[in-house]
Amino acid sequence: MAIPFSRSIRSVQADRGKITLLGILFSSLLLITWLLWFLTSKIEVKQMTTDVVPHKQGDVFAFYPRQNALKIRIGQEARYSLLNTQEEVAPFIPAQVMDIISDRKSGKIKVKLSQEPGFYSFQVGPETPIEVSIVVEKVSPAILLLEKTGLLNSKQDVRAIH
């Protein structure tokens, strides 16, 4: 049996939509928070290599292919991790890029890293496997997404590396 039209309209008018309004308000707040994070937070972009040669006094030379070394600059923060240790988390030593040298024989870029103060007493042996990571830039997730999809060209300047 059908409900009379006047009763169906009254039930719609009686429903104020408070739960729906709360749901819309909560989801809008969540969307605005996520959008702020997406546009303003910073993610570190790193260049990593395991082609590393320890040097005297704790310095390390890391070798990068030329196309990977375009964003590496003197003074950038870096760190090298000691691999194949018995510890669960690989220990790392904070460092800084001190020099960038073009190695003409191998066609690679040689990056000299020096340990941060407070870690000078730590010596790395010649047979110790090391992984070096250099923070080349800090970008928002939005910029990173646009660069990775090809919609935005990354700023790779073609400077002469000495």
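These numbers come from a predicted model, not from an experiment. (Residues numbered from 1 in each chain as written. Predicted model: local features only at pLDDT ≥ 70, side-chain atom pairs only at ≥ 80, totals over all residues. Heavy atoms only, no water.)

Participant: Just give me the short version of a nonpolar patch on the surface, but keep the residues and values in it.
Facilitator: A cluster of nonpolar side chains, namely Leu31, Trp34, Leu35, Trp37 and Leu39, defines an oily patch on the protein surface of about 540 Å² accessible area. Looking at the secondary structure, you find Trp37 in helix H2 (residues 18-40). Given the relative accessible area of 44%, Trp37 is considered partly exposed. (Patch = residues over 30% accessible without salt bridge, like charges linked within 9 Å, V, L, I, M, F, W, Y side chains within 5 Å. Areas by Shrake-Rupley, 256 points an atom, 1.4 Å probe, with all protein chains shown as cover. Salt bridge = Lys/Arg side-chain N within 4 Å of Asp/Glu carboxyl O. Helix = DSSP H or I, 4+ residues; strand = E, 2+ residues; numbered from the N terminus. Buried < 20%, exposed > 50% of the residue type's maximum accessible area, 1.4 Å probe, protein only.)

Participant: An account of the packing of aromatic side chains is needed here, citing residue identities and associated values.
Facilitator: On inspection of all chains with the given rule, the structure shows two aromatic pairs. Ring geometry for Trp34 against Phe38: centres 5.0 Å apart, planes inclined by 20 degrees, an arrangement best described as stacked. Linking Trp34 with Phe38, this pair stays in helix H2, spanning four residues, or about one helical turn. The class of Trp34 is partly exposed, set by a relative accessible area of 44%. On the basis of relative accessible area, Phe38 is assigned to the buried category, the value being 17%. An angle of 45 degrees between the planes, with centres 6.4 Å apart, marks the rings of Trp37 and Phe38 as tilted. For the cation-ring pair, Lys110 lies above Phe61, with the distance from its terminal atom to the ring centre recorded as 4.5 Å. (Phe/Tyr/Trp six-rings, centres within 6.5 Å; stacked < 30°, edge-to-face > 60°. Lys NZ or Arg CZ within 6 Å of the ring centre and 35° of its normal.)

Participant: Tell me about the pairing of strand S3 (residues 60-65), residues and numbers included.
Facilitator: Counting buried positions along S3 gives five out of six residues, so the element sits mostly inside the fold. Bridge count for strand S2 (residues 52-54) against S3 is three bridges, and the pairing is antiparallel. If you follow Val52 over to S3, its bridge partner there is Ala62. Inspection of the sheet shows S3 paired to strand S6 (residues 108-115) by six bridges, in the antiparallel sense. Bridging across to S6, Phe61 finds its partner in Lys112. (Pairing = 2+ DSSP bridges.)

Participant: I'd like a description of the pairing of strand S7 (residues 130-139), backed by residues and values.
Facilitator: Across the ten residues that make up S7, a large majority, seven, are buried. Here seven bridges tie strand S1 (residues 43-49) to S7, and the two strands are oriented antiparallel to one another. Residue Val45 lies in a different strand from S7, and its bridge partner there is Glu137. Here strand S4 (residues 77-82) runs beside S7; their pairing, made up of five bridges, is antiparallel. Opposite Arg79, over in S7, you have Ser133 as the bridge partner.

Participant: Tell me what's going on with the pattern of salt bridges, and back it up with residues and numbers.
Facilitator: One pass over the structure, following the stated rule, counts five salt bridges. Measuring nitrogen to oxygen at the nearest pair gives 3.9 Å for the salt bridge that ties Lys46 to Glu44. For Lys46, a relative accessible area of 34% puts it in the partly exposed group. Ionic pairing is found between Lys71 and Glu137, a salt bridge with its closest N-O pair at 2.7 Å. Of this pair, Lys71 sits in the loop between S3 and S4 while Glu137 sits in strand S7; the two residues are 66 residues apart in sequence, bridging distant segments of the chain. In this structure Lys71 comes out as buried when scored by relative accessible area, which is 16%. Among the ionic contacts, a cluster of salt bridges with common partners joins Glu44, Lys46 and Lys138.

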